[in-house]
Structures are given as C-alpha cells and as structure tokens.
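A closer look at the structure
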Amino acid sequence: MMQTKRAVCARCMRPQRTCICHWCASTAHAVEVLILQHPMEVGHAKGSARLLHLSLPNSRLLVGEVFDEQDLEALLHSPFTLGTDRRHAILLYPGTPEGAGMARPATPAHLPSTEPEKLRLVVLDGTWRKSRKMLYANPLLQSLPRLALSDPPASQYLIRKAHGAHQLSTLEATCYALMQLERDAARYAPLLNAFNGFVSQQRSYREAGMGE
C-alpha cells in the first residue's frame, strides 16, 4: 500500500502539523548573521538554526562541512545586498586558544570595527564535536577574530542534551552575541521568548510520543 507523503511547510521545511512559523519573531538587527549549518543538523526537529534564520532578516543560512575557499571568502565578507560595503566577519566561538593558525578572542576594543552595521557574525550550527570539525576543516574560519560570550544566562534549551551548563542553543548564543555587539538586550527579548515557546512545543511532542 502506497504511503501518503506528509505535507511540508515551504517556509520552515517541517511537516505542516509541527510547523514552527508561528514562533518566528522578526527582529531588526544591525550586525549581519551568517549561519553555517552542519549537514547532520538539517531536518533535526530540535534544531534552532532555521527559527533563528527566519527571525533575522539580515541573515543567511548555508549547509556544509567543508567549504570552497573562494566561496567562503565571499560568504564571510561580500555584501548581502548590492551597493553596501564589505563586511568585517567575526566568529562566534569560545575563547580558549585552539592551536596554531587560530585567531585569539577579540575584545570589544579589538574588533575589526566598532560599528555594528559593518560586522558580520559567523555562527557554526552543530554539536560541539561537529562545529569543531567544521572549524578545523576551514582555515578561513580559523583566521577570523573570535567573539566569546560574556557570562550568558543559563540555557533554556531543555530538549537537547548539553555537555555543560555553559552550552547554549544556536539561537540563544547568537542572540546573546548580538546583544553584546549592539549593546541592546531588549531588542532580542521577544525572540528569546519565542524560542522558549518553541522548546515547550517540542517537549509537548516528546511527552505525547509524537515525532516529526
């Protein structure tokens, strides 16, 4: 007997019965965001990257593990919109030195620009192991100045196992990074509240034994 194909939302790319579009909270932001998603995260029901991307108008989401160097150079610095200036890319990544070729964390005084409109925040979406692998597989990412979060709140990401209390979802980490760079915490509160709703929805599916 032929199975009926599940209807999929064209925007969030999830089954329509578990669509997350109503949690999208469009948020104006000055710093552009480039999300590099590991292929194993695509289609993951508990992932937050697509919700983040759909909520940030000046963001791009690309899937891959190893990127062509010329393509990656353009992704990091070329304008998203024609007629705008080249961007200074910074990598959202913990501050521990990781070895030869790895740029050290940048303090606000040592960022490539203090103007948020000239910055592009690069975010790696994947497990700790996968994001680390992406970093080492792409020398251009290693060369970027890094931004480490300053005392972020505890994660509300209660639907995925974390290896430490300091680990956050991609959406949470990006919001806290943007707060630091733009010095505007209130702007991202609605998106974080929407994320909490998304987490609650996913927990309810799990408790009901309802998968994607």
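Preceding this section is the structure that the text describes.
Here we summarise the structure given alongside this text.

Cut-off values and rules
- Residues numbered from 1 in each chain as written.
- Predicted model: local features only at pLDDT ≥ 70, side-chain atom pairs only at ≥ 80, totals over all residues.
- Heavy atoms only, no water.
- Helix = DSSP H or I, 4+ residues; strand = E, 2+ residues; numbered from the N terminus.
- Buried < 20%, exposed > 50% of the residue type's maximum accessible area, 1.4 Å probe, protein only.
- Salt bridge = Lys/Arg side-chain N within 4 Å of Asp/Glu carboxyl O.
- Pairing = 2+ DSSP bridges.
- Contact = heavy atoms within 4.5 Å.
- Axes fitted to C-alpha atoms, helices over the stretch in contact; angles between N-to-C directions.
- Expected span 1.5 Å × (residues − 1).
- 1 Å grid on protein atoms, 1.4 Å probe; cavity = no way out; pocket = protein on both sides within 12 Å on 5 of 7 lines; lining within 4 Å.
- Points joined across faces, edges and corners; volume = space filled by probe spheres on them.
- Nonpolar A, V, L, I, M, F, W, Y, C, P; charged D, E, K, R; others polar.
- Core = buried A, V, L, I, M, F, W, Y, C linked by side-chain atoms within 4.5 Å.
- Arc of directions from axis to C-beta.

**A short note on the overall build of the protein**
From N to C terminus, the protein includes 6 helices and 5 strands. In the protein, which comprises 212 residues, the share counted as buried stands at 46%.

**Considering the pattern of salt bridges**
One pass over the full model with this rule turns up 7 salt bridges. Its salt-bridge partner being Glu32, residue Arg87 comes within 3.3 Å of it at the nearest N-O pair. Taken together, the residues span a long stretch of sequence, with Arg87 in the loop between α2 (69-77) and β3 (88-92) and Glu32 in strand β1 (residues 32-37) at a distance of 55 residues. Accessibility classification places Arg87 together with Glu32 in one group, the buried group.

**Let's talk about the sheet that holds strand β2 (residues 59-63)**
Ordered in space as β2-β1-β4-β3-β5, the 5 strands form an open sheet in which the pairing is parallel. A strand with exactly one partner marks an edge of an open sheet, and here the two such strands are β2 and β5 (146-147). Pairing geometry for β3 and strand β4 (residues 119-125), over 4 bridges, is parallel. Counterpart to Ile90 in the pairing with β4 is Leu121. Contacts from helix α3 (residues 128-137) reach β1, β3 and β4, with the element oriented near 125° to β4. Running at roughly 160° to β4, helix α5 (residues 170-182) makes contact with β1, β3, β4 and β5 of the sheet.

**With respect to α5**
Compared with the 18 Å implied by 1.5 Å per residue over 13 residues, the 18 Å span of α5 between its first and last C-alpha is a close match. Of all 13 residues that make up α5, 12 are buried, and the element is covered over most of its length. What α5 keeps buried is the set Thr170, Leu171, Glu172, Ala173, Thr174, Cys175, Tyr176, Ala177, Leu178, Met179, Leu181 and Glu182.

**Topic: the pairing of β4**
Taking burial as the measure, the 7 residues of β4 include 7 buried ones, the bulk of the element. Side chains of β4 alternate between two faces, with Leu119, Leu121, Val123 and Asp125 and Arg120, Val122 and Leu124 buried alike. Bridge count between β1 and β4: 6 bridges; the pairing is parallel. Among the inter-strand pairings, Leu36 is bridged to a residue of β4, identified as Leu124.

**Remarks on the layout of surface pockets**
By volume, the second largest pocket amounts to about 340 Å³. Those elements that provide at least two residues to the lining of the second largest pocket are α1 (49-55) and β2. Broken down by element, the lining of the second largest pocket gets its largest block of residues, 3 residues, from α1. Split by residue class, the lining of the second largest pocket holds 9 nonpolar, 5 polar and 5 charged.

**Describing the environment of Ala185**
Within the secondary structure, Ala185 sits in the loop between α5 and α6 (189-207). For Ala185, a relative accessible area of 47% translates into the label partly exposed. Sequence spacing of Ala185 and Cys175 is 10 residues, and the spatial spacing of their C-alpha atoms is 8.6 Å.

**What to know about the nonpolar core**
In this structure, Leu121, Leu171 and Leu181 are the most contacted members of the largest nonpolar core, which totals 38 residues. Here this core gets 8 residues from one element, more than from any other, and that element is α5. Discounting residues that sit within four places of it in the chain, Leu181 has contacts with Val31, Ile90, Leu111, Pro116, Leu119, Leu121 and Leu147. The next biggest cluster of nonpolar side chains, apart from the first, holds 16 residues, and it includes Leu72, Leu76, Tyr93 and Leu135.

**Notes on α3**
Every buried residue belonging to α3 is among Ser131, Met134 and Leu135, and all of these are buried. Down the axis of α3, the buried set is contained in an arc of 100°. They therefore lie on one face. Where α3 is buried, its residues meet β1, β3, β4 and α4 (139-142).

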